[in-house]
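Structural overview
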Amino acid sequence: MQKVNFNILDFLLLCYSLMAGFNFYFTHQDRLCFFEVAKWSTFLLCYIVARKISHKERILWGIIVLGMVEVIIVIFQKNHWLNSFHPDFNVTGTFSNPGPLGGFLGVTITIIVGLYLTKKSLIPKWALFTIFILLCFILLLTDSRAGWLSTLFGMATLCFLFKKKKVKSFVLIKNASLFLFMILFIISIYYHKKDSADGRLLIWRISTEMIADAPLAGHGIGTFENKYMYYQAQYFESHPYSKYEKLADNIVYPYNEFLRIGVEQGIIGIILILCIIVSIFKYTSKEKYNKVYLGGFVSLLIFSMFSYSFNVLLLWLLGSLLLGGIQYQKNIYVSTKYKFQSSWIIIICLVISIKGGHDYYNLKLNVGKLYSESLQERKVAEAYIERCQVGLQSTPHLFDVYAQYSFLQLPATKSLLILKQASTIIPSSELYCDLGDVYKEQKQIDKAIECYILAKNMLPNRLLPKYNLFCLYREQRDSIKMYKIGQEALLTEIKITSTKALRIKKEIKRSLSQRCDKIGQCALEE
């Protein structure tokens, strides 16, 4: 007989994984993907490794080393020695934009402060303090409000966990002052980028409507980006002239992982996640490094309430390491006649993770080659993508690029099929404009109008869907509808005024003016 030990977190994570697995299977029976399996295998791999490491401090120092690597990359990007991974931002680290970088630095800074509080020797304290100052400076460069909030709450958690017994009145005054500071800080960062904050309030409001439609088990894992834009179109159709119109955008993340779980997994998923969080704070041991792990976990938790940490691989694995590093007060021992070796699970997860990463890299590479100047490369990329349709459909951002390519380069009949498929995977206002253009080319006018109207409702602040409708009504000689949509287009408040937008408005004005002149001339002749 062999004894296998596990704790309550292991049990809850197993329950959640089983629930998520069944949810994903029944939602995506037609396109089950190896990438999702690889993602969870990587999470499990990091979790088991973190659980098996006896010196938990090493994991914390490893995270700090990763933070320093990000800092070095940011310094190189700031000095233009390296290109960032986003054309609109100078610094992104290894991430696609500064937001996730801010979240990762927030967790790292919290861990640095936690380790500083555990050290007694002067040299490690000075080293940690120097790294702390450097990371705080880089955090300011990211301009990530979620990152700032996660740092603040993470350090506040450490202050609470490492507090020493003092006079009751002094502790009360200190806690009240800290609470007041946090409230003022939250208000100030709301007004730092008010439009962006209001835009997220719109997303959260519509997400709650999605939860209300499937409250128990949710819409299914991975369905948020499949369905959100339709809910947004419905919202603006029923709330014309809403104050949120000018803030709307194509959305694939709810910017709150708890809302995402509610939308995709319903109350069942929310309850399991809350059980995991409660167990972490209730049953963890009082060991000093545990307090550091809890501070880092709170920091990541707060960041997840304002961003999309589950969709960023490094943050996803960071959560796994933090959970695996937490030690519980009691372990449960189960006797079994079967020989259990975690090393085999580690090897299997490692193989699956490497295979998934390799396949994803090749798929992304070939999607990029679709826009190559070489005709031969494009043909090879098209053939590869045809063979990997299941994998492509499970990566919405890559399928969106493929759909755009199909509209520009492929025959209308094939492009129509791909665009219709894309509308069930990652719908957007631009996608429905393209779909409307294809229907218009095939003389399916009614369907083209439906697509343009849906694109207009998805993003009322976009000029292109209204212009496409205007041109279509003009060709159909429907003067009333043409005039109505033309006036609506001219009154549209555009986020960023461009030459194309000014040209479109000028053309609409000229067309309306000419039509009015014709109507007036006909009236005089009569």
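First, a word on scope: everything that follows refers to the structure included in this document.

Reading the values: rules and limits
- Along each chain, numbering runs from 1 in the same order as the chain's sequence is written.
- It should be noted that, the model being predicted, local features are given only for residues of pLDDT at least 70 and side-chain atom pairs only at 80 or more, the latter also being counted only at that level, while totals for whole chains, interfaces and linings use all residues.
- Hydrogens and waters are ignored; side-chain quantities use all the structure's heavy atoms.
- Secondary structure counts use DSSP, requiring at least four H or I residues in a row for a helix and at least two E residues in a row for a strand, with both numbered from the N terminus.
- Burial status follows relative accessibility: with a 1.4 Å probe on protein chains alone, a residue under 20% of its type maximum counts as buried, one over 50% as exposed, and anything between as partly exposed.
- Side-chain atoms alone can form a polar contact between residues adjacent in sequence; in general such a contact is a pair of N or O atoms within 3.5 Å, and within protein one must be able to donate a hydrogen while the other accepts it.
- Contacts between residues were defined by any pair of non-hydrogen atoms, one from each residue, lying within 4.5 Å.
- Side-chain rings of Phe, Tyr and Trp (the six-membered ring for Trp) are treated as a pair once their centres are within 6.5 Å; stacked means planes under 30 degrees apart, edge-to-face means over 60, and tilted covers the remaining angles.
- Only when the NZ of Lys or the CZ of Arg is both within 6 Å of the ring centre and within 35 degrees of the ring normal is a charge said to sit over the ring.
- Every helix has an expected span of 1.5 Å times one less than the residues it contains.
- Here the arc refers to the directions that run from the helix axis out to each C-beta atom.
- Orientation is described by axes fitted as lines to C-alpha atoms, over the contacting stretch for helices, and by angles from 0 to 180 degrees between their N-to-C directions.
- Any angle that falls under 35 degrees is termed roughly parallel, while one over 145 is termed roughly antiparallel, one within 65 to 115 roughly perpendicular, and all others oblique.
- In this scheme, a crossing is called left-handed if the near helix is turned counterclockwise away from the far one by less than a right angle; it is called right-handed if the turn is clockwise.
- In this count, Pro and Cys sit with the nonpolar residues alongside Ala, Val, Leu, Ile, Met, Phe, Trp and Tyr, while Asp, Glu, Lys and Arg are called charged and the others, Gly among them, polar.
- Working definition of a nonpolar core: buried Ala, Val, Leu, Ile, Met, Phe, Trp, Tyr and Cys residues. They are joined through side-chain atoms within 4.5 Å.

The subject of this paragraph is the environment of Val37. Mapped onto the elements, Val37 comes out in helix α2 (residues 34-52). With 316 residues separating them along the chain, Val37 and Ser353 place their C-alpha atoms 8.3 Å apart.

Looking now at the side chain of Lys466. Residue position: Lys466 is located in helix α20 (residues 464-475). The class for Lys466 is buried, based on a relative accessible area of 4%. Within polar-contact distance, the side chain of Lys466 engages the side chain of Thr492 at 2.8 Å. Discounting chain neighbours no more than four positions away, the residues touching Lys466 are Lys456, Pro460, Ile485, Glu488, Ala489 and Thr492.

Bringing the packing of aromatic side chains into the picture now. This model, assessed by the stated rule, comprises 21 aromatic pairs. With centroids separated by 4.1 Å and ring planes inclined at 10°, the aromatic side chains of Tyr253 and Tyr308 adopt a geometry described as stacked. Taken together, the residues span a long stretch of sequence, with Tyr253 in the loop between α9 (224-238) and α10 (257-283) and Tyr308 in the loop between α11 (288-304) and α12 (313-325) at a distance of 55 residues. Under the relative-accessibility criterion, Tyr253 is labelled partly exposed at 24%. Classification of Tyr308 by relative accessible area gives buried; the value is 8%. Here Tyr371 and Tyr405 contribute two aromatic rings whose centre-to-centre distance is 5.8 Å and whose plane-to-plane angle is 75°, an arrangement assigned as edge-to-face. On the criterion of sequence distance, the pair formed by Tyr371 in the loop between α13 (342-369) and α14 (375-387) and Tyr405 in helix α16 (residues 396-409) is long-range, its members being 34 residues apart. Given a relative accessible area of 41%, Tyr371 falls into the partly exposed group. Grouping aromatic residues by their ring pairs yields a cluster made of Tyr16, Trp40, Phe43, Phe310 and Trp316. In this structure, Lys39 is placed above the aromatic ring of Trp316, and the distance from its NZ or CZ to the ring centre is 4.6 Å.

Below, the discussion takes up α14. Given a rise of 1.5 Å per residue, 13 residues ought to cover 18 Å, and the 19 Å separating the end C-alpha atoms of α14 matches this to within 8%. Arg378, Ala381, Glu382, Tyr384 and Ile385 are the residues of α14 that are buried. Projected down its long axis, α14 carries its buried residues within an arc of 165°, all on one side. Exposed side chains of α14 directed beyond 90 degrees from the buried face belong to Gln376 and Arg387. Here the buried face of α14 lies against α13, α15 (389-393) and α16.

On to the packing of helix α4 (residues 98-118) against helix α6 (residues 145-161), then. A pair of packed helices is captured by two measures, namely the crossing angle of their axes and the spacing between those axes. As a packed pair, α4 and α6 sit with axes 8 Å apart at the nearest point and diverge in direction by 20°. With respect to each other, α4 and α6 are oriented roughly parallel. Relative to α6, the crossing made by α4 is right-handed. Each of Gly102, Gly103, Gly106, Ile109, Thr110, Val113, Gly114 and Leu117 in α4 lies in contact with α6, whose residues at this interface are Gly147, Ser150, Thr151, Gly154, Met155 and Leu158. Split by residue class, the contact of α4 with α6 holds 5 nonpolar, 9 polar and no charged.

Counting 132 residues, the largest nonpolar core has Ile111 and Ile280 as the members making the most contacts within it. Setting aside its immediate chain neighbours within four residues, Ile111 contacts Leu60, Ile63, Ile64, Val292, Gly296 and Leu322.

As a further point, take helix α5 (residues 122-142). Counting along an α-helix, one turn takes 3.6 residues, and residues three or four places apart therefore face a common direction. With 21 residues, α5 ought to run about 30 Å at 1.5 Å a step, and its terminal C-alpha atoms sit 31 Å apart, in line with that. Restricting attention to buried positions, one finds in α5 the residues Leu128, Ile131, Phe132, Leu135, Ile138, Leu139 and Thr142. Buried residues along α5 cover an arc of 135° about the axis, so they all sit on one side. In α5, the exposed positions that point more than 90 degrees away from the buried face belong to Leu122, Ile123, Trp126, Thr130 and Leu140. Immediately beyond the C-terminal end of α5, within one or two residues, lies Asp143, with a positive phi of roughly 55°.

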